[in-house]
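# Coordinate inspection notes
Each chain, written out:
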Amino acid sequence: MIEARLRLPRRGFTLDVDLQLPGQGITALFGPSGCGKTTLLRALAGLERAAGRVALGDAVWQDDARHRFMPTHERPLGYVIQEAALFPHLSVRANLDYGRRRVATDVGSTAAAGFGLDGVVDLLGIGALMDRRPATLSGGERQRVAIARALATAPRLLLMDEPLAALDAARKAEILPYLERLHRALALPIVYVTHAMDEVARLADHLVLLEAGAVRAAGPLAELLARPDLPLARQDEAGVVINARVDQHDASYGLTRVAFDGGALWVGQTGAAPGDAVRARVLARDVSVARQRPQETSVLNVLPVVLETLQTEGGTALLRLRLGAAGAGSATPVWLLARITRRSADLLALQPGDALYAQVKGVALMR
Amino acid sequence: MDAATWTVVRLTAQLAGLSTLLLLLLGTPLAWWLARTRSPAKPVLASLVAMPLVLPPSVIGFYLLLLMGPQGPVGQFTQWLGLGRLPFTFSGLVVASVVYSMPFVVQPLQQAFEAIPERTLEAAATLRAGPLDRFFSVALPLARPGLVTASVLGFAHTVGEFGVVLMIGGNIPGQTRVLSVAIFEHVEAAEFDAAHRLAAGMVVFALLVLVTLYVANRPPRDDRATAP
């Protein structure tokens, strides 16, 4: 559990948050530029002197009530920023050793259990770069070295400030799989600042929405993405993520079935083995609804749903749909968002509680 | 080279070497502070350091003489310490050189420190390096070109100084008679051959200094080609 109660006046906004972040998985701090994401991250690291309290589990890093402020270099954290900030006078190997040599405990003993330096180097695929100088690396390579350098200190918390923002789409695509590997391989909590929704949808488990220095909403990603009252739902990219498992492959049609509590979806065939955890993203604009189960439709994924809420704005209506037939309550509800025209909503006379069929035209498998 | 000339050259090298050492010891922390501080005292201190750049050497020499003289505060202090008076001694020359050459050491160092991005030092902090550790493991190596420039300029400027030396040190062989003063004296005495030897030596020295500087501060070559 990461506790952060912080207050820091800034030009244009005052950071004022009281957060309990989960002690595992990736928590994304998301919001427009100038909302205080980076300031919050820096305050967690002790790089900014905000007022309040920061604790990681039972380790208290800052507590103004007890006049305690641990300077950054004493906090067992890793910090990766957009510009990588490698030491230009040192080789890649010496960059990796810089932090590692300064921690008393060996990498193997903590969060990166079983990894060690070789494991970290492997994980990020930088073995061939060890004798190079930072100036000779590409942007993507530099960023991977920066991540490895942070991990080599066996941090108990990894803070990442838009690590992909300086990279073009191709470099981004090069790094994302490494971040996903990191997420799977290490039981290390990561706080990840970004303003890119696709990174959030792909990587985050938890989401903190910041607006003008304050927390607008915080919680599990799937829940927050499915909330029509949040600004996320008004984006063109609005949509939900569904945590699912690979169920079966249909090689003859090149399809894979992924199952979750409350239903299943057919997606384009993936390399993942049956039983593997995957994440499906369904955009609100790719979902339509019908009162009867559509007959003879080309849409592969037709799912029984219950309409929970309906919001209209201008010519569009945003529906929040709970997957599963009416009455079939499940422990972990799964929702879809559907964006349809207001005219359609009126023609169908949609009311909360209606049992409907959702037709899903597009599913993106994230991992 | 006759014995007298040799004494002059050795004394000059000693003066410049010792002054450069002291200049680096005092100037490096000062430059680091000037580069990183947001204190309102910064422009005042920066101006004080830069004064020798704009003041005639005779003005500096005059006031140093007053300060270090028997009635001056520095003079009283050195006498109280039992060190005697500084004017017309080698120690006095060292003190004067340090004051006079300070901007030539502090300014290149300050520029080098200012060129280090804050985020690089912060990265070191997130990698468990404390403030002093960050200074020695990141700031100083990254400021290497500035350090070379500062040392060379500090040394060369001390060697070339004349006005302050004449006022503080006078012309005592083996104690304060350095190159620039010796040349002046040779010329006064119409010993043009002797003046030539020393002056030409200075020209060669200056040239060597500048070439060293330019070589040392070449941008580092891209070592991709040598990477395995």
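Note that the coordinates shown come from a computational prediction; the quantities given were computed from them, not determined experimentally.

We now examine the overall build of chain B. Scanning chain B from terminus to terminus reveals eleven helices and zero strands. In terms of principal-axis extent, the alpha carbons of chain B reach across some 65 × 45 × 30 Å. The burial tally for chain B puts 37% of its 228 residues in the buried class. In chain B, once contacts between residues fewer than 6 apart in sequence are set aside, the share between residues at least 24 apart is 71%.

Now for the overall build of chain A. Looking only at helices and strands, chain A features eight helices and 21 strands. With respect to the principal axes defined by its C-alpha atoms, chain A has extents near 65 × 50 × 35 Å. Counting across all 367 residues of chain A, residues that qualify as buried make up 43%.

Moving on, we get to the sheet that holds strand β13 (residues 255-260) of chain A. Residue and element names in this part refer to chain A. Taken in spatial order, the five strands line up as β14-β13-β12-β15-β21 in an open sheet, and their pairing is antiparallel. With one partner strand each, in any of the chains shown, β14 (263-268) and β21 (364-365) form the two edges of the open sheet. Here β13 runs beside β14; their pairing, made up of six bridges, is antiparallel. In the sheet register, Phe260 faces β14, and the bridge partner there is Gly263.

What follows is about the nonpolar core. One finds Leu321(A), Leu336(A) and Leu337(A) to be the most contacted residues of the largest nonpolar core, which totals 159 residues. With 14 residues, helix α5 (residues 90-114) of chain B is the largest single contributor of residues to this core. Residue assignment places this core across two domains, with domain 1 (2-221) and domain 2 (239-365) of chain A each supplying three or more. The contacts of Leu321(A), once residues within four sequence positions are left out, are Val305(A), Val306(A), Leu307(A), Glu308(A), Trp335(A), Leu336(A), Ala338(A), Leu356(A) and Ala358(A).

Right, let's talk about the packing of helix α4 (residues 139-151) of chain A against helix α5 (residues 169-185) of chain A for a bit. When two helices pack together, their arrangement is given by the angle between the helix axes and the distance between those axes. Residues and elements named next belong to chain A. Remark: α4 packs on α5, axes separated minimally by 9 Å, with the N-to-C direction vectors making an angle of 25 degrees. With respect to α5, the axis of α4 lies roughly parallel. Here the hand of the crossing between α4 and α5 comes out right-handed. For the pair α4 and α5, contact is made by Gly139, Gly140, Gln143 and Arg144 and by Arg171, Glu174, Ile175 and Tyr178, respectively. Grouping the constituent residues of the contact of α4 with α5 by class yields two nonpolar, three polar and three charged.

What follows is about the environment of Thr20(B). Residue and element names in this part refer to chain B. Inspection of the secondary structure puts Thr20 in helix α1 (residues 3-36). By the C-beta count within 10 Å, which is 25 here, Thr20 ends up buried. As for Thr20 and Met102, which are separated by 82 residues in sequence, their C-alpha atoms are 9.3 Å apart. When near neighbours in sequence (up to four residues on either side) are disregarded, Thr20 contacts Ser151, Gly154, Phe155 and Thr158.

Residues of chain A with pLDDT of at least 70 account for 95%, and the chain-wide mean is 90. Low pLDDT (under 50) marks residues 106-114 of chain A, which in the prediction has 26 contacts with non-local residues, meaning those over four places away or in another chain.

This paragraph deals with the interface of chain B and chain A. Counting residues at the interface gives 18 residues for chain B, matched by 23 residues for chain A. When contributions to the side of chain B that touches chain A are tallied by element, the ones reaching two or more residues are α6 (118-126) and α7 (131-142) of chain B. In terms of residue class, the side of chain B that touches chain A is built from nine nonpolar, three polar and six charged.

Time to look at the sheet that holds strand β19 (residues 335-341) of chain A. All names here are of chain A. On the basis of which strands lie adjacent, the open sheet formed by five strands has the order β16-β20-β17-β18-β19 and antiparallel pairing. Because the sheet does not close on itself, it has two edges, and the strands there are β16 (287-290) and β19. Neighbouring strand axes in the sheet, compared pairwise and without regard to direction, differ in orientation by 45 degrees on average. With four bridges joining them, β16 and strand β20 (residues 355-360) adopt antiparallel strand pairing. Bridging across to β20, Ser288 finds its partner in Gln359.

Take α6(B) next. Helical geometry note: an α-helix holds 3.6 residues per turn, so side chains three or four residues apart project in the same direction. Within α6(B) the residues assigned to the buried category are Ala123(B), Ala124(B), Ala125(B) and Thr126(B). With its phi angle positive at about 75 degrees, Arg128(B) sits one or two positions after the end of α6(B).

A few words on the environment of Ala355(A). All names here are of chain A. By the secondary structure assignment, Ala355 is in strand β20. Classification of Ala355 by C-beta neighbours within 10 Å gives exposed; the count is 12. Separated by 51 residues in sequence, Ala355 and Pro304 place their C-alpha atoms 7.3 Å apart.

Residue and element names in this part refer to chain A. Here helix α2 (residues 92-100) crosses α4 at 30 degrees, and the two axes come no closer than 7 Å. Here α2 lies roughly parallel to α4, going by the angle between them. When you trace α2 past α4, the crossing you get is right-handed. Facing Val92, Asn95, Leu96, Tyr98 and Gly99 of α2, the residues of α4 in contact are Val145, Ala148 and Arg149. Residue classes in the contact of α2 with α4 are distributed as five nonpolar, two polar and one charged.

On to unusual backbone geometry. Its identity is not glycine, yet Ala84(A) carries a phi of approximately 70 degrees, on the positive side. What makes Ala84(A) buried here is the crowd of 23 C-beta atoms within 10 Å.

Note: strand β17 (residues 301-313) of chain A against β20(A), six bridges, orientation antiparallel. Residue pairing in the sheet places Asn301(A) in a bridge with Val360(A) of β20(A).

Right, let's get into the environment of Ala50(A). All names here are of chain A. Mapped onto the elements, Ala50 comes out in the loop between α1 (37-45) and β4 (51-56). Spatially, the C-alpha atoms of Ala50 and Val299 are 52 Å apart, while their sequence positions differ by 249 residues. Excluding residues that lie within four positions of it along the chain, Ala50 makes contacts with Leu6, Arg7, Leu8, Leu15 and Ala43.

A few words now on the confidence of the model for chain B. Model confidence for chain B is summarised by a mean pLDDT of 89, while 95% of its residues fall at 70 or above. Model confidence for the complex: the whole-complex pTM is 0.86, and ipTM, which rates the interface, is 0.86.

Here we come to the pairing of strand β5 (residues 59-63) of chain A. Residues and elements named next belong to chain A. Where β4 lies against β5, four bridges are found, and the strand directions are antiparallel. Across the sheet, Val54 pairs through a bridge with Gln62, a residue of β5. Looking at chain direction, β5 and strand β6 (residues 68-69) are connected through two bridges and run antiparallel. Paired with Asp63 across the two strands is Arg68, which belongs to β6. Hairpin connection from β5 to β6: four residues lie between these consecutive antiparallel strands, with His67 at a positive phi of about 50 degrees.

Calculation notes
- Residues numbered from 1 in each chain as written.
- Chains lettered and ligands numbered in written order.
- Predicted model: local features only at pLDDT ≥ 70, side-chain atom pairs only at ≥ 80, totals over all residues.
- Helix = DSSP H or I, 4+ residues; strand = E, 2+ residues; numbered from the N terminus.
- Buried ≥ 20, exposed ≤ 12 C-beta atoms within 10 Å, placed from the backbone.
- Contact = placed C-beta atoms within 7 Å.
- Pairing = 2+ DSSP bridges.
- Core = buried A, V, L, I, M, F, W, Y, C linked by C-beta atoms within 7 Å.
- Domains from an automatic or database assignment.
- Axes fitted to C-alpha atoms, helices over the stretch in contact; angles between N-to-C directions.
- Parallel < 35°, antiparallel > 145°, perpendicular 65-115°, else oblique.
- Left-handed = near helix turned anticlockwise from the far one by under 90°.
- Nonpolar A, V, L, I, M, F, W, Y, C, P; charged D, E, K, R; others polar.
- pLDDT = per-residue confidence, 0-100.

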